[in-house]
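An overview of the molecular structure
Take a look at the letters that make up each chain.
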Amino acid sequence: FRRVDVSTQIAMVTTWVLVALISGLSVRGEGGFFPTSELQDVRELTNETYRSLVSGGVDDKGGKTFHVVVFYKSMGEKKDKRYKMSEKVRTPLIKAAKKLRSTAVMVSAIDYANETNRAIFDEAGLGLEDIPTIKIFSPDGNSDGFSGKMVKLAEIVEEKVQKYVENHLARLMPLLAPKQKVYKAFKKDKEMPKVVLVLEPKGKGKQRKMAYEAMAALSIHFEGRLKFAYTKHRKVAKAFGGGSLPAVFLVPKGEKFDSNRAYTGTLAYRPLRTWLDQFAPPPPDAPKVIPPVPSIDVIPQITSTGCLKTYCVNRGGVCIISLLPVTSLSKGETGYYLESMRLVRRALADKLGLTQLDSINFIWIDSQAQQSWLEKTLGLSPAEYARTVAIYPKKASIAHYIGKFSPPEISTWISQASRGKAMVEPLPSGIDLMSAPPMVVTDNMETCENLETPLPNRVLPDSFKSRRGSASRSSKTSRKRPTPVGPIVKNKFQRPRSKAGKSYDLSAETFENVLASPSNWIVWFKRGEASAEEEKAWTKAARSLKGMVQFGIVGEKDREALLSTVGIEDHQNAVFRIFPAKPLWKDPLDEDTSKLDESYWSEELSEISEKALMDFALNMLKESVKIPIFPIAEGKQETSLQSFIQIAGLQKPKMVLFPSKDLKEPPYLLKALAIEFGNILDFGYSIASDKQLAMNFQVDKFPSLIIIAPSAAPEGGQGEVKLQAMRYPGHMSFNAVSIFIEQNIRFAPGQGPPSGGPANAKDEL
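A quick note: this is a predicted structure, and the numbers were derived from the prediction, not measured. (Residues numbered from 1 in each chain as written. Predicted model: local features only at pLDDT ≥ 70, side-chain atom pairs only at ≥ 80, totals over all residues. Heavy atoms only, no water.)

**So, the overall build of the protein chain**
- Helix and strand counts for the protein chain stand at 24 helices and 27 strands.
- Burial statistics for the protein chain: of 765 residues in total, 54% are counted as buried.
- Across the protein chain, the fraction of contacts at a sequence separation of at least 24, relative to all contacts at a separation of at least 6, is 76%.
- Of the roughly 35600 Å² of accessible surface on the protein chain, 51% is carried by carbon and sulfur atoms. (Helix = DSSP H or I, 4+ residues; strand = E, 2+ residues; numbered from the N terminus. Buried < 20%, exposed > 50% of the residue type's maximum accessible area, 1.4 Å probe, protein only. Contact = heavy atoms within 4.5 Å. Areas by Shrake-Rupley, 256 points an atom, 1.4 Å probe, with all protein chains shown as cover.)

**Quick notes on helix α3 (residues 81-99)**
- Counted at 1.5 Å a residue, the expected span for α3 with its 19 residues is 27 Å, and the 28 Å between its end C-alpha atoms agrees.
- Arg 90 marks the point of greatest bend in α3, at about 30°, and the proline Pro 92 comes within the next four residues.
- Near the N-terminus of α3, the side chain that reaches the backbone nitrogen of Arg 82, with its oxygen 2.9 Å away, is that of Asp 80. (Expected span 1.5 Å × (residues − 1). Bend = angle between axes of the 7 residues up to and from the residue. Polar contact = N/O pair within 3.5 Å; in protein donor to acceptor, adjacent residues only side chain to side chain.)

**Some thoughts on the environment of Glu 556**
- Inspection of the secondary structure assignment puts Glu 556 in helix α19 (residues 556-566).
- When the C-alpha atoms of Glu 556 and Lys 526 are compared, they prove to be 5.1 Å apart, with 30 residues separating the residues in sequence.
- With near-sequence residues (within four places) excluded, Glu 556 lies in contact with Lys 526, Arg 527 and Gly 528.

**Concerning unusual backbone geometry**
- Each neighbour pair has its own omega, and for Ile 131 with Pro 132 the value is -5°, a cis peptide bond.
- In this structure, Pro 132 sits in the loop between α4 (118-123) and β6 (133-137).
- In this structure, Pro 703 follows Phe 702 across a cis peptide bond, with omega equal to -5°.
- Inspection of the secondary structure assignment puts Pro 703 in the loop between α23 (691-695) and β26 (704-712).
- Of note, the phi angle at Lys 179 is positive, near 70°, even though the residue is not glycine.
- Relative to the helices and strands, Lys 179 resides in the loop between β8 (175-176) and α7 (181-188).

**Overview of the side chain of Ser 86**
- Structurally, Ser 86 can be placed in helix α3.
- At 2.8 Å, the side chain of Ser 86 and the backbone oxygen of Arg 82 are in polar contact.
- Beyond its immediate sequence surroundings of up to four residues, Ser 86 is in contact with Phe 33, Tyr 72, Lys 73, Ile 131 and Pro 132.

**Some thoughts on the confidence of the model for the protein chain**
- Per-residue pLDDT for the protein chain has a mean of 77; in total, 79% of the residues score no lower than 70.
- Low confidence marks residues 442-447, where pLDDT is under 50. Its contacts with residues over four positions away, or in another chain, come to 13 contacts.
- Within the model, pLDDT remains below 50 along residues 449-487, and this stretch shows 102 contacts once partners closer than five positions in the same chain are excluded. (pLDDT = per-residue confidence, 0-100.)

**Observations concerning a positive patch on the surface**
- Together, Lys 179, Lys 181, Lys 184, Lys 188, Lys 235 and Lys 238 give the surface a local cluster of positive charge.
- At the level of elements, α7 and α9 (234-238) are the ones that each hand at least two residues to the positive patch.
- Top element by residues in the positive patch is α7. It accounts for three residues.
- The class for Lys 179 is exposed, based on a relative accessible area of 74%. (Patch = residues over 30% accessible without salt bridge, like charges linked within 9 Å, V, L, I, M, F, W, Y side chains within 5 Å. Salt bridge = Lys/Arg side-chain N within 4 Å of Asp/Glu carboxyl O. Lys, Arg positive; Asp, Glu negative; His and termini not counted. Charge placed at Lys NZ, Arg CZ, Asp CG, Glu CD.)

**Remarks on the state of the cysteines**
- On inspection of all chains with the given rule, the structure shows one disulfide.
- A sulfur-sulfur distance of 2.1 Å marks the disulfide that ties Cys 312 to Cys 319. With the S-S bond torsion at 110°, the cross-link from Cys 312 to Cys 319 turns out right-handed. (Disulfide = S-S within 2.5 Å.)

**Some details on the packing of helix α20 (residues 610-622) against helix α22 (residues 668-677)**
- In contact at an axis separation of 9 Å, α20 and α22 are set at 70° when each is read in the N-to-C sense. The orientation of α20 with respect to α22, classified from their angle, is roughly perpendicular. In the crossing of α20 with α22, the sense of the turn from one axis to the other is left-handed. Two secondary-structure elements touch here, α20 through Leu 618, Leu 621 and Lys 622 and α22 through Tyr 668, Lys 671, Ala 672 and Ile 675.
- The class makeup of the residues in the contact of α20 with α22 is five nonpolar, no polar and two charged. (Axes fitted to C-alpha atoms, helices over the stretch in contact; angles between N-to-C directions. Parallel < 35°, antiparallel > 145°, perpendicular 65-115°, else oblique. Left-handed = near helix turned anticlockwise from the far one by under 90°. Nonpolar A, V, L, I, M, F, W, Y, C, P; charged D, E, K, R; others polar.)

**Concerning the environment of Leu 100**
- Here Leu 100 is to be found in the loop between α3 and β5 (105-111).
- In contact with Leu 100, other than residues within four places in its own chain, are Val 105, Val 107, Ala 154, Val 157 and Glu 158.

**Focus on the pairing of strand β3 (residues 66-72)**
- Taken across its seven residues, β3 has seven buried, putting it largely inside the fold.
- The pairing of β3 with β5 spans seven bridges and is parallel. Its bridge partner lying in β5, Val 69 is registered against Ser 108.
- With five bridges joining them, β3 and β6 adopt antiparallel strand pairing. The residue bridging Val 68 from the neighbouring strand is Ile 136, located in β6. (Pairing = 2+ DSSP bridges.)

**Points about the nonpolar core**
- Ranked by size, the top nonpolar core spans 84 residues in total, and within it Leu 93, Phe 362 and Ile 414 carry the most contacts.
- Looking at this core, the element that brings in the most residues is helix α12 (residues 333-352), giving eight residues.
- The residues touching Leu 93, leaving out its near neighbours within four places in the chain, are Phe 34, Val 42, Val 70, Val 107, Ile 134, Met 150 and Leu 153.
- Within the second largest apolar cluster, 49 residues are counted, among which are Tyr 385, Trp 524, Phe 616 and Ala 617. (Core = buried A, V, L, I, M, F, W, Y, C linked by side-chain atoms within 4.5 Å.)

**Some points on the packing of aromatic side chains**
- Inspection of the entire model under this criterion finds 19 aromatic pairs.
- Judged by centre distance (4.5 Å) and plane angle (20°), the ring pair of Phe 493 and Tyr 504 falls under stacked. With Phe 493 in the loop between α16 (462-465) and β18 (503-505) and Tyr 504 in strand β18, this pair connects stretches of sequence that are 11 residues apart.
- Judged by relative accessible area, Phe 493 falls into the partly exposed class, the value being 22%.
- Summarising the aromatic geometry, the rings of Trp 524 and Trp 538 are spaced 5.2 Å apart at their centres and angled 50° between planes, so their arrangement reads as tilted. Of the two residues, Trp 524 sits in strand β19 (residues 521-525) while Trp 538 sits in helix α18 (residues 532-545), which places them 14 residues apart along the sequence. Across this residue pair, the class does not change: Trp 524 and Trp 538 are buried.
- Taken together through their ring pairs, the aromatic side chains of Tyr 263, Trp 275, Phe 279, Tyr 336 and Tyr 337 make up a single cluster.
- Over the face of the ring belonging to Tyr 112 we find Arg 118, whose NZ or CZ atom lies 4.0 Å from the ring centre.
- The ring of Trp 524 carries Lys 526 above its face, with NZ or CZ at 5.0 Å from the centroid. (Phe/Tyr/Trp six-rings, centres within 6.5 Å; stacked < 30°, edge-to-face > 60°. Lys NZ or Arg CZ within 6 Å of the ring centre and 35° of its normal.)

See the structure below:
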């Protein structure tokens, strides 16, 4: 899109109006009745796209869907009744399309004024006298005309969709109950991936209803490609492990229930559809021709400095950047995140209005492909999880979203950021985004690639220009950059949904979990057959450590090949090897130090017993003295919660433990969590069981863990920082807390929180 100055625009509009007056026609203007540049969801169809989508009963993704089509006329004589009636239909149709957006319904329009579309009207049995007409097409090819009040259109279509699902429920989404033939047949089915919605046994909550309706719509969309079911029975739900309900689980093709993948995103139709797309086989009738994508749904990928200027810097306002590590996200995850951000964008359009939305620019960057550029330009360290930041080009400052990847929460934060109320930090000194350094992996530095549809040019509203600048944080708080997360683990072990720890079988393919994860590991390199007592002692020690120190076994037949693959000299007399977390390295600041340092062989264990293994593992946690865990004691300025936040800085959220008794040092659990998640969280603990401090965060049970993050900047950049707290609600064990952190801070829907299959009853979270 080229920019057009105001005088040129006026000339173009004047010419268009004059042509319309001379010809005696009434017209809506360039772009038709339903232009993609407007915030609306009605898709304009042509002869080709109608046959590709409506005749095929599919949407633009190739999934089965209902179609609501208005047959209308976009121009005519001044007194043309058909044109005037079409005008009256336009606004209520747009409103209906908005209500139906998160369902298996596509709302579209086909114009009689376009002569190439006349054949479609003839096939539908519609003449000029029938315009406008609305038809509703179901996925099975049946169609009905609509003759009711337009304000009832969305409601009537929703009823048709629900009735369709009810009539085909046994086939599309059966109810699973123990000992029933349907349940047994569903479990045995290995022809396609399976999707199960687990609901609470009782209840009529809004979230429960929304989840059920989304799954019903998805069962239509993915018919023949994914097999859907739902359950309200506890015994069936147990097969998927613990967790809050409602919940959605996917079982890959040919695998058992305990190999499920847990969906942890928003329980809404479009994000779920995008997430499930990665597991479904391609649609058999994928449309060859589709109508243009609405411009509000286009989020450009920034691949060059020219692209950055076009869609961020030159537009002014604030730029919301989704940083997505494409390589480490499983197939389809990038699409999931972008679909979620589209939800955010539309929610903001409703909340703020189009004028203010004009000053918020949504873009995304592959954070792995542009890793060095992000570090140099925005001061961001590498990370293997999705992040959201706000950039203020004119002020050369940045704000970080901290919290769960949730469209409603991100929407609230972006609204604050657009009004200058987010916590901001300056960009690295000397960086001017107008002359930012070149990006990596790009052919042309001055163009913007990989856009499906160009965004319309926009003008920054005067109201935003006159708005006060973004507030910066108090000068008392120090800036602190996050520690890089290190290598990405491709074949990552699933974290068990269990209170108990476990021992992992290691191979050359999975050994990267030992070398690249932040955890402490003890690995047993077997020689010969181990006795039953030794096996039992090892298993019991692994369980008792509850994941705080990881245990792994390399079988004798894999020993030599594995050691050779990872470059470890085979010590003939050594049985155990420590692969320590960074705080235990001889010199944690030395980049040449690693878990492969030869000094970490251990021959201290002459026998394998539960006590010896436990003592050995706990000593590793005791020696982790270099982990910064802040002791909090109110009453002393240097150890207050406020001091903790000021010293640690605002770059990362804070996890604070409120104990049930006085503590002299942090417990093993907190040390293990700090080792595992120190790159994304700062850790502190209350020395005394300070109930008054805890009550400030509505904590009334002990021990308790909370995550604290800033919610808004102080007025004028000075004064107290406003905080928000998220309480950990589960069992006080390493695995359970880790899953909570991964859900709320390090969110990656395709990987976590992994279920790890069912646990023993006494171990369930």
